[in-house]
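Descriptive analysis of the structure
For reference, the chains in residue letters:
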Amino acid sequence: MNYKIAVIKGDGIGPEIVDEATKVLEVIGEKYGHSFAFTNVLMGGCAIDATGVPLPDETVKICKESDSVLLGAVGGPKWDTLPGHLRPEKGLLGIRAALGLYANLRPAVLYAPLKDACLLKPETVQDGLDILIVRELTGGIYFGERGRRDGKNGPEAYDTECYSVPEIERIAHVAFEAARKRKKKLASVDKANVLESSRLWRETIHRLAKDYPDVECRDVLVDNAAMQLVRDPGQFDVLVTSNMFGDILSDEASMITGSIGMLPSASLGKGKLGLYEPTHGSAPDIAGQGKANPIATIISAGMMLRYAFDLQTEADAIDAAVLSVLKKGLRTPDIAGVGGQNKPLTTTEMGDAIRAELRA
Ligand code: NAD
């Protein structure tokens, strides 16, 4: 099969990690008889530098014409002082909205060879961890009405959390379906004791739960969820939550699993066109130094094979290759302290090791 993939390398470590992932896809193509046509497009800080805007129309057009989109990360201190509508992150929010990507799937898996990287006590994580956070991506406070105004005590600023019933329903369906394919346990995370938007969220989840009698569904307040994730993460299978709560909880889950450099994500909409990216940002502190861990991006490419192209064997091969290099003790600096060899690998060396496993 031939697949057209739009590639947004972005800023900071983005180009380094994306190159490793596209080279992995090329190996998959050679091994399993597929061809991947990559088209590089601009977004984020590099797009601002080249075109004056974080998300050029051309980028949206090429992404829409592609079968899938692979993204590194955007942003960095160079663009931090620009006004809100010109910030690199605006590109990120814009592309998600333009492609109608309302569901963000963030698996948090603690690989057995990295067990020591988990900050929790061994008895807390026991046999490892496998949690899926389903985050609503195009609604809530990140997209609500916002502004500044003169208040009683001088200038003030506001952002608005707003969810409609259809927005909650569609993300809930994604989460219930995902739970059905896993351990059939869903935790819906909200702040219904305080927020009206959370009360609507909860009512809607309860109504839909009746359509999924095989899935055990419960409500968890977000502050409790944050606590339970470090107290007893094994109690969770799938968590579904709003845009902002999901943003925060998935970063928390990332630390349970060792390094943010290990965590992939998939952003899905109605059709097959999705956006696959690591959970982390552009890591400007280590950009250009060969220190970035490419594994999150490589597993994100694997998720693309699984969700966008239905290539389960090929996706399994990527997961197995990653596990295999970790078992051999190969590590990038972010995970170097964890049962690995003494000298950490560079970004490219880690990519090479994974590709060698795939070819073996
Ligand atoms: P970050 O995720 O970029 O970095 C946080 C820490 O994790 C840093 O110490 C970094 O070196 C480390 N890290 C991240 N990815 C790593 C990897 N693959 N390998 C090894 N170490 C890694 O978060 P930040 O520092 O808060 O943000 C930096 C920039 O990225 C900001 O401009 C922010 O807006 C942007 N950002 C972009 C995205 C995205 O494009 N999806 C997401 C989050 C943040």
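Up top you'll find the structure we're talking about.
Residues numbered from 1 in each chain as written. Predicted model: local features only at pLDDT ≥ 70, side-chain atom pairs only at ≥ 80, totals over all residues. Heavy atoms only, no water.

**Considerations on the overall build of the protein**
Secondary structure assignment for the protein yields 12 helices and 12 strands. A compact globule built from 360 residues would reach a C-alpha radius of gyration of about 21 Å, and the protein, at 20 Å, matches this within 12%. Considering the protein as a whole, with its 360 residues, one finds that 52% of them fall into the buried category. When the accessible area of the protein is evaluated, it comes to approximately 15500 Å², of which 53% is carbon and sulfur surface. (Helix = DSSP H or I, 4+ residues; strand = E, 2+ residues; numbered from the N terminus. Rg over C-alpha atoms; globule rule 2.2 N^0.38 Å. Buried < 20%, exposed > 50% of the residue type's maximum accessible area, 1.4 Å probe, protein only. Areas by Shrake-Rupley, 256 points an atom, 1.4 Å probe, with all protein chains shown as cover.)

**Structural notes on the pairing of strand β11 (residues 264-268)**
Residues in a regular strand project their side chains so that they alternate between the two faces of the sheet. Counted residue by residue, β11 has five buried out of five residues, so it is predominantly covered. Here β11 shows no split at all, with P264, A266 and L268 on one side and S265 and S267 on the other all buried. Here strand β4 (residues 103-110) runs beside β11; their pairing, made up of three bridges, is antiparallel. Paired with N104 across the two strands is S267, which belongs to β11. (Pairing = 2+ DSSP bridges.)

**Focus: the pattern of salt bridges**
For the structure on display, the rule yields 24 salt bridges. Residue D247 pairs with R135 through a salt bridge whose shortest N-O separation is 3.8 Å. Taken as a pair, D247 in helix α9 (residues 243-256) and R135 in strand β5 (residues 129-136) lie far apart in primary sequence, 112 residues in all. For D247, a relative accessible area of 24% puts it in the partly exposed group. A salt bridge links K328 to E357; the nearest nitrogen and oxygen atoms lie 2.3 Å apart. Pair noted here: K328 is in the loop between α11 (312-327) and α12 (347-359) and E357 is in helix α12, with a separation of 29 residues, a long-range link. (Salt bridge = Lys/Arg side-chain N within 4 Å of Asp/Glu carboxyl O.)

**Some details on the site of the ligand**
The ligand sits among 20 residues. The nearest are V74, E89, G281, A283 and N293. One nitrogen or oxygen atom from the main chain of A283 is found 2.8 Å from an oxygen atom belonging to the ligand. A distance of 2.9 Å is found between a nitrogen atom of the ligand and a backbone nitrogen or oxygen belonging to N293. In isolation the ligand has 800 Å² of accessible area, and contact with the protein removes 69% of it. Taken together, the residues of the shell around the ligand break down into nine nonpolar, seven polar and four charged. (Near = heavy atom within 4 Å. Polar contact = N/O pair within 3.5 Å; in protein donor to acceptor, adjacent residues only side chain to side chain. Nonpolar A, V, L, I, M, F, W, Y, C, P; charged D, E, K, R; others polar.)

**Quick look at α9**
Taking 1.5 Å of rise per residue, 14 residues should cover 20 Å, and α9 covers 20 Å from first to last C-alpha, within 8% of that figure. Inspection of α9 places N243, F245, G246, L249, S250, A253, S254 and I256 among the buried residues, and these make up the whole buried set. The buried residues of α9 all sit within an arc of 165 degrees when viewed along its axis, so they share a single face. Buried residues along α9 sit against β4, β5, β8 (185-190), α7 (196-209), α8 (222-231) and β10 (238-241). G258 sits one or two residues past α9 and shows a positive phi near 110 degrees. (Expected span 1.5 Å × (residues − 1). Arc of directions from axis to C-beta. Contact = heavy atoms within 4.5 Å.)

By themselves, these are just geometric observations and shouldn't be taken as functional.
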